[in-house]
Amino acid sequence: MQFRWHQGPSAAQNVGRNTAAIDNVKIDVVPLEEPTEEPTEEPIEEPIEEPIEEPTEEPTGEPTEEPTLTPTPVPVVPKVIAKLNDGSLNAYHLGRPIAIYYSNGQYTIYGIDINTGWGSLALTFTDEDIEAASAEDGPVVIATGQNPYNFRPITVYLLPTGEIQVNTMYWDGKEYIVKWDPADKDLNAVAW
């Protein structure tokens, strides 16, 4: 269909009247001729059935060559795809809610803003705090704080194994838990 519209007096000419400009618009609906496809006369080919050979269980005497399959080597996946190179212990964890740094006997944990990637100080603890804690009977809390961006708690534990563990959460409540041995600072993700 095609629409044609005709407009009467403009809205400026209707000032002071009780009608709007739309009252003076006329729309004609004009049917268009739809293009029709003309039938083509092409010959229809009937399918030709080819004889199907049934497999036999009797040997034919002809040697058959089995394809040799060589195993495809499994690609080596790198341990980490990217690294932030910011000097933090958890630099391999992209999208992390916190950044953990160690310098001169002190650990510093920054909360990370997910929108900008900037961080603000959340808490600190020292090697002396770790030595003063005794985790013989179970995990002991060394320090607590709060992420200043997502307002989730951050808790630092000394584990009976001598490792340090930090528990916090992403903005959506998903856990982020990491631990490391204070002697070598090799951080491992527990829940990431």
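Parameters and conventions
Residues numbered from 1 in each chain as written. Predicted model: local features only at pLDDT ≥ 70, side-chain atom pairs only at ≥ 80, totals over all residues. Heavy atoms only, no water. Helix = DSSP H or I, 4+ residues; strand = E, 2+ residues; numbered from the N terminus. Buried < 20%, exposed > 50% of the residue type's maximum accessible area, 1.4 Å probe, protein only. Contact = heavy atoms within 4.5 Å. Core = buried A, V, L, I, M, F, W, Y, C linked by side-chain atoms within 4.5 Å. Salt bridge = Lys/Arg side-chain N within 4 Å of Asp/Glu carboxyl O. Phe/Tyr/Trp six-rings, centres within 6.5 Å; stacked < 30°, edge-to-face > 60°. pLDDT = per-residue confidence, 0-100. Pairing = 2+ DSSP bridges. Axes fitted to C-alpha atoms, helices over the stretch in contact; angles between N-to-C directions.

## Overview of the environment of Thr-155
Among the secondary structure elements, Thr-155 is positioned in strand E7 (residues 153–158). Residue classification places Thr-155 among the buried residues on the basis of a relative accessible area of 15%. For the pair Thr-155 and Thr-144, spaced 11 residues apart in sequence, the C-alpha to C-alpha distance is 4.5 Å. Residues within four places of Thr-155 in sequence aside, it is in contact with Val-141, Ala-143, Thr-144, Gln-165, Val-166 and Asn-167.

## Concerning the nonpolar core
For soluble globular proteins, nonpolar side chains are generally found buried alongside one another. Core analysis: the biggest nonpolar cluster contains 23 residues, and Ile-100, Ile-109, Phe-125, Ile-142, Val-156, Val-166 and Trp-180 have the highest contact counts within it. Broken down by secondary-structure element, the contributors of at least two residues to this core are strand E3 (98–103), strand E4 (106–112), strand E5 (119–126), strand E6 (140–146), E7, strand E8 (164–169) and strand E9 (175–180). Leaving out residues up to four positions away in the same chain, Val-156 has contacts with Ile-109, Leu-123, Phe-125, Val-140, Val-141, Ile-142, Ala-143, Ile-164, Gln-165 and Val-166.

## Considering the pattern of salt bridges
Opposite charge on two side chains lets them pair, provided their charged atoms get close. Inspection of every chain in the model, using the stated rule, returns two salt bridges. Across the pair Arg-96 and Asp-86 runs a salt bridge, and its minimum N-O distance is 2.4 Å. Taken as a pair, Arg-96 in the loop between strand E2 (25–30) and E3 and Asp-86 in the loop between E2 and E3 lie far apart in primary sequence, 10 residues in all. In this structure, Lys-179 and Glu-163 form a salt bridge, with 3.7 Å as the shortest nitrogen-oxygen distance.

## Observations concerning the packing of aromatic side chains
Enumeration according to the criterion identifies five aromatic pairs in this entry. Arranged with centres 5.5 Å apart and planes meeting at 45°, the rings of Tyr-107 and Trp-180 form a pair that is tilted. On the criterion of sequence distance, the pair formed by Tyr-107 in strand E4 and Trp-180 in strand E9 is long-range, its members being 73 residues apart. Note on accessibility: Tyr-107 and Trp-180 belong to one class, buried.

## As for the confidence of the model for the protein chain
When the pLDDT values of the protein chain are averaged, the result is 75; 56% of them are 70 or greater. This stretch, residues 1–7, has a pLDDT under 50; its non-local contacts, to residues over four places away or in other chains, come to 23 contacts. Ignoring residues within four places in sequence, the model shows residues 76–80, a span with pLDDT below 50, making one contact including any to other chains.

## Comments concerning the sheet that holds E4
Ordered in space as E3-E4-E5, the three strands form an open sheet in which the pairing is antiparallel. Either end of the sheet is taken by a strand with one partner, and the two such strands are E3 and E5. Averaged over all pairs of adjacent strands, the angle between their axes in this sheet comes to 25°, without regard to strand direction. Where E4 lies against E5, seven bridges are found, and the strand directions are antiparallel. Residue pairing across strands places Tyr-107 opposite Phe-125, the latter belonging to E5.

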